[in-house]
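Listed below, chain by chain, are the residues.
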Amino acid sequence: MVDIDIDTDTEPELGTATIVYETPGENDERVTVDNDRIAYFQDHWLFAYGTDEDGNDIVRRVPKERVHYIERSVEEIEETFESGLEKAKGKLEELRD
């Protein structure tokens, strides 16, 4: 497995995401980026993979079939669950009224 070190300016409340995926040469790569630098869109994982000589982001787009797993920081996941629970609670209260 190849570990790619991406320079992150992680804020503690933001956290990081690590994506492990298969490359065309059938090797696995592991890249860690800030949580706000990874997204899922049109059956692909997209993430900042570095910058070019002009300082522009280079984005890598990996088909979902090649991704083994995504790991995200616990703080981010806890916030997502808490947010989902709050929304569900609000909807239940609306239904009761």
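Before reading on, note that the structure itself is shown above.
Residues numbered from 1 in each chain as written. Predicted model: local features only at pLDDT ≥ 70, side-chain atom pairs only at ≥ 80, totals over all residues. Heavy atoms only, no water.

A. Local environment of the overall build of the chain. When helices and strands are counted, the chain shows one helix and seven strands. Along its sequence from the N terminus, the chain presents helices and strands in the succession β-β-β-β-β-β-β-α. Burial status across the chain gives 23% buried among its 97 residues. Once local pairs closer than 6 in sequence are excluded, the contacts in the chain between residues at least 24 apart make up 47%. Summing over all exposed atoms, the chain offers an accessible surface of approximately 7,200 Å²; the carbon and sulfur share of this is 48%. (Helix = DSSP H or I, 4+ residues; strand = E, 2+ residues; numbered from the N terminus. Buried < 20%, exposed > 50% of the residue type's maximum accessible area, 1.4 Å probe, protein only. Contact = heavy atoms within 4.5 Å. Areas by Shrake-Rupley, 256 points an atom, 1.4 Å probe, with all protein chains shown as cover.)

B. Here's a closer look at the environment of W45. Mapped onto the secondary structure, W45 falls in strand β5 (residues 44-51). When its relative accessible area of 18% is taken as the criterion, W45 is described as buried. Spatially, the C-alpha atoms of W45 and V62 are 5.2 Å apart, while their sequence positions differ by 17 residues. Residues within four places of W45 in sequence aside, it is in contact with I19, I38, A39, Y40, R60, R61, V62, V67, I70 and R72.

C. Summary view of the packing of aromatic side chains. Summed over all chains, the structure comprises three aromatic pairs. Three or more aromatic residues joined by ring pairs form one cluster here, namely Y21, F47 and Y49. Looking at R60, its charged tip hangs above the ring of Y49, at a distance of 3.8 Å from the centre. (Phe/Tyr/Trp six-rings, centres within 6.5 Å; stacked < 30°, edge-to-face > 60°. Lys NZ or Arg CZ within 6 Å of the ring centre and 35° of its normal.)

D. The arrangement of the side chain of T18 in detail. Relative to the helices and strands, T18 resides in strand β2 (residues 16-22). Note on T18: relative accessible area 8%, which makes it buried. For T18, the contacting residues outside a window of four places in its chain are R30, V31, T32, Y69, I70 and E71.

E. Structural detail: the environment of K64. With respect to the helices, strands and loops of the structure, K64 is situated in the loop between β6 (57-63) and β7 (67-72). Put simply, K64 and W45 are 19 residues apart on the chain and 6.4 Å apart in space, counted from C-alpha to C-alpha.

F. Focus on the sheet that holds β5. In space, the three strands of this open sheet follow the order β4-β5-β6, with antiparallel pairing throughout. At either margin of the open sheet sits one strand with a lone partner, and together these are β4 (38-41) and β6. Averaged over all pairs of adjacent strands, the angle between strand axes in this sheet comes to 30 degrees, irrespective of strand direction. Across four bridges, the pairing between β4 and β5 is antiparallel. Bridged to Y40 within β5 is W45. (Pairing = 2+ DSSP bridges. Axes fitted to C-alpha atoms, helices over the stretch in contact; angles between N-to-C directions.)

G. Structural detail: the pattern of salt bridges. Overall, the coordinates contain five salt bridges when judged by the stated rule. The partner of R60 in a salt bridge is E29, and the shortest N-O contact between them spans 3.3 Å. Here the residue R60 occupies a position in strand β6, and E29 occupies one in strand β3 (residues 28-34), the gap between them amounting to 31 residues. Take R60: its relative accessible area is 27%, and that puts it in the partly exposed class. (Salt bridge = Lys/Arg side-chain N within 4 Å of Asp/Glu carboxyl O.)

These figures capture arrangement, not role.
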